[in-house]
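Structural characterization, general
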Amino acid sequence: MVMAIDSGGAFAPGGEDTRALLDRVRTRSDQARATYHDLRADWYLNIAFMLNHQYTEVDEQSGQLVQPVTPQWRQRAVRNIIAPTVDVYVNRVTSQWPTFRVVPATAEDRDHDAATVGGHALEYAARKIKLLSKIKAAVQYAATCGTGFLIPLYDAAARFLDVDVPSPFDMYPEPGAQSQHDCHWMIRAHSFAIEEARLRFKRPDLQANHGFPEDSVTGRLLKSYESGGSLDRITILEYWQLADSTYPEGIHTICTNNEILSTSALDPLGIPVIPIHRAPTPGRYFGRPLVTGLRSPQKAYNAATSRILENFALHAGMKWLSPRTAELDEAALNNLPDEVVEWSGNGTPPREVSPPSLPVWIENMLEAAYRDVDRISGIHEASRGLRPDGV
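A quick note: this is a predicted structure, and the numbers were derived from the prediction, not measured. (Residues numbered from 1 in each chain as written. Predicted model: local features only at pLDDT ≥ 70, side-chain atom pairs only at ≥ 80, totals over all residues. Heavy atoms only, no water.)

**Considerations on the overall build of the protein**
Looking only at helices and strands, the protein has nine helices and 13 strands in total. Restricting the contact set of the protein to residue pairs at least 6 apart, pairs at least 24 apart contribute 64%. Approximately 23,000 Å² of the protein is accessible, and the part contributed by carbon and sulfur atoms is 54%. (Helix = DSSP H or I, 4+ residues; strand = E, 2+ residues; numbered from the N terminus. Contact = heavy atoms within 4.5 Å. Areas by Shrake-Rupley, 256 points an atom, 1.4 Å probe, with all protein chains shown as cover.)

Shown next as structure tokens:
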């Protein structure tokens with residue numbers, strides 16, 4: 001049962017007053033944010049690479065994504081091979097529709113029939129809430145951030161069933177936890193429009209608190225565009241904790257930065273969060289993102305492509321070698337056909353300087369980078385619908 005409580009002195013289950021509970025949630029939230037700060041910087045880069053911003057770096061002082069300034073003549077080619085690789089990975093992992101099996105309680109025909117009906121009901125509910133698309137979203141998060149999450153939502157009284165897909169940027173498992181099995185508590189930071197929060201929690205007095213969670217992607221992108229005023233949003237923290245000496249039944253709390261909105265005993269099944277790890281990492285809760293491993297060959301691929309384009313530009317508009325005594329007009333040399341170029345006649349005439357030809361290893365570098373992507377992702381020509389070499 002979830003009940004609204006007053007923050008002035010009511011007690012949460014177990015005897016701890018609401019002010020102490022609020023301090024506990026805020027302290028653990030700050031602890032988790034500091035622990036996962038560097039990890040999230042890697043995720044920001046992964047998302048930037050997915051969105052074609054592949055010359056982006058993380059500024060060590062501000063933590064913001066920046067793009068180094070380069071000379072105007074320098075080519076910055078981007079041939080994104082990460083995004084389609086992630087698409088193939090997600091489609092391969094989610095190629096099968098989830099199946100449901102309800103085990104009958106006994107061998108009687110009645111229980112067998114009930115189990116069959118229950119399986120059909122679950123499949124209908126899964127299609128109604130578009131479960132497969134939500135699993136795909138969680139797997140895409142796993143490819144980009146190492147771990148995606150599913151949160152089942154169920155209300156028997158309202159006959160409500162759904163599955164939520166939170167952003168990994170808004171999920172804060174207990175620091176030190178190596179898996180969901182040894183995670184004693186977890187926090188989720190929700191970002192609501194202030195009017196939606198007032199309606200959902202039946203609290204018309206709620207005030208906006210500058211909006212998006214500090215570590216959320218949206219908050220990071222919008223931070224530099226704020227004009228001094230706050231966004232009309234509010235951050236709500238949802239806190240789950242397993243049973244301990246203070247809360248023998250565990251606790252589930254929803255709060256803002258300065259007050260608790262509701263609290264109840266934790267569901268007997270535990271913390272209702274299902275993590276989906278792309279590749280589990282020993283000693284760490286979050287898995288290894290696929291995109292992190294693909295950034296290096298993607299950079300090499302872009303660098304080789306950029307050199308080819310720069311060499312092409314030199315062939316299209318070659319450099320000229322001219323003595324100072326030639327007294328050429330600044331606009332005399334261009335690519336117009338049948339043009340007469342006048343010079344003073346003093347010294348040797350201006351001449352083109354042919355650019356060096358591209359070495360053979362440039363093309364080999366392109367092929368090697370592409371093969372590295374296949375090896376790292378485990379996705380080869382057949383998975384992409386292409387004919388393998390030598391077949």
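**Some points on the environment of S357**
Topologically, S357 is positioned in the loop between β13 (351-353) and α9 (361-377). Under the relative-accessibility criterion, S357 is labelled exposed at 63%. (Buried < 20%, exposed > 50% of the residue type's maximum accessible area, 1.4 Å probe, protein only.)

**Quick look at the packing of aromatic side chains**
Under the definition given, this model contains nine aromatic pairs. Ring centres of F149 and F286 lie 6.2 Å apart, and the angle between their planes is 85°; this geometry places the pair in the edge-to-face category. A residue pair is termed long-range when its members are at least 10 positions apart, and F149 in strand β4 (residues 147-155) and F286 in the loop between β11 (274-277) and α8 (290-316) qualify at 137 residues. Ring geometry for Y285 against F286: centres 5.4 Å apart, planes inclined by 75°, an arrangement best described as edge-to-face. By the burial criterion, Y285 is buried, and F286 matches it. Of the aromatic side chains, those joined through ring pairs into one cluster are Y36, W43, Y44, F149, F169, Y285 and F286. R127 extends its terminal NZ or CZ atom over the ring of W97, reaching a point 4.4 Å from the ring centre. Seen from the ring of F49, R295 lies directly overhead, with NZ or CZ sitting 5.9 Å from the centre. (Phe/Tyr/Trp six-rings, centres within 6.5 Å; stacked < 30°, edge-to-face > 60°. Lys NZ or Arg CZ within 6 Å of the ring centre and 35° of its normal.)

**Observations concerning the nonpolar core**
M186, W240, V273, Y285 and F286 are the most contacted members of the largest nonpolar core, which totals 32 residues. Residue assignment for this core shows that the elements contributing at least two residues are α1 (18-35), α2 (37-50), β4, β6 (171-173), β7 (185-193), β8 (233-241) and β9 (251-255). When neighbours within four sequence positions are excluded, W240 is seen to be in contact with I151, H184, W185, M186, R188, I251, H252, L266, I271, P272 and V273. Formed by 29 residues, the second largest nonpolar core is a distinct cluster that contains F49, L131, I135 and A143. (Core = buried A, V, L, I, M, F, W, Y, C linked by side-chain atoms within 4.5 Å.)

**Quick notes on the pairing of β9**
The buried fraction of β9 is high, at five of five residues. Judged by which residues are buried, β9 turns out to be covered on both faces: I251, T253 and C255 on one side and H252 and I254 on the other are all buried. Pairing between β8 and β9: five bridges, direction antiparallel. Looking across to β9, one finds that W240 is bridged to H252. The sheet contact formed by β9 and strand β10 (residues 260-264) spans four bridges and is antiparallel. Note that in β10 the partner of H252 across the bridge is S264. (Pairing = 2+ DSSP bridges.)

**Points about the packing of α2 against helix α5 (residues 131-145)**
In contact at an axis separation of 9 Å, α2 and α5 are set at 110° when each is read in the N-to-C sense. By the criterion of interaxial angle, the relationship of α2 to α5 is roughly perpendicular. Facing W43, N46, I47 and M50 of α2, the residues of α5 in contact are Q140, T144 and C145. For the contact of α2 with α5, the per-class residue count stands at four nonpolar, three polar and no charged. (Axes fitted to C-alpha atoms, helices over the stretch in contact; angles between N-to-C directions. Parallel < 35°, antiparallel > 145°, perpendicular 65-115°, else oblique. Nonpolar A, V, L, I, M, F, W, Y, C, P; charged D, E, K, R; others polar.)

**Here we look at the environment of E310**
Mapped onto the elements, E310 comes out in helix α8. Overall, the relative accessible area of 12% leaves E310 in the buried class. Along the primary structure E310 and Q75 are separated by 235 residues, whereas in three dimensions their C-alpha atoms are 6.1 Å apart. For E310, the residues in contact, after removing those within four places along its chain, are W73, R74 and Q75.

**What to know about a nonpolar patch on the surface**
A cluster of nonpolar side chains, F100, V102 and L122, forms an exposed patch at the surface whose accessible area comes to about 210 Å². Mapped onto the fold, L122 is located in helix α4 (residues 109-128). Owing to a relative accessible area of 38%, L122 belongs among the partly exposed residues under this scheme. (Patch = residues over 30% accessible without salt bridge, like charges linked within 9 Å, V, L, I, M, F, W, Y side chains within 5 Å. Salt bridge = Lys/Arg side-chain N within 4 Å of Asp/Glu carboxyl O.)

**What to know about the environment of T106**
Position of T106 among the secondary structure elements: in the loop between α3 (82-93) and α4. Residue classification places T106 among the partly exposed positions, given a relative accessible area of 36%. Those residues in contact with T106, other than ones at most four positions away along the chain, are D111 and H112.

**What about the sheet that holds β11?**
Taken in spatial order, the three strands line up as β5-β4-β11 in an open sheet, and their pairing is antiparallel. Two strands bound the open sheet, and with one partner strand each, they are β5 (160-164) and β11. Across the sheet, the mean angle from the axis of one strand to that of its neighbour is 15°, orientation sign disregarded. Both β4 and β5 contribute to a ladder of five bridges, which runs antiparallel. What sits directly across from Y154, in β5, is L161. Across the sheet, α5 is in contact with β4, β5 and β11; its angle to β4 comes to roughly 150°.

Nothing here speaks to function; it is all geometry.
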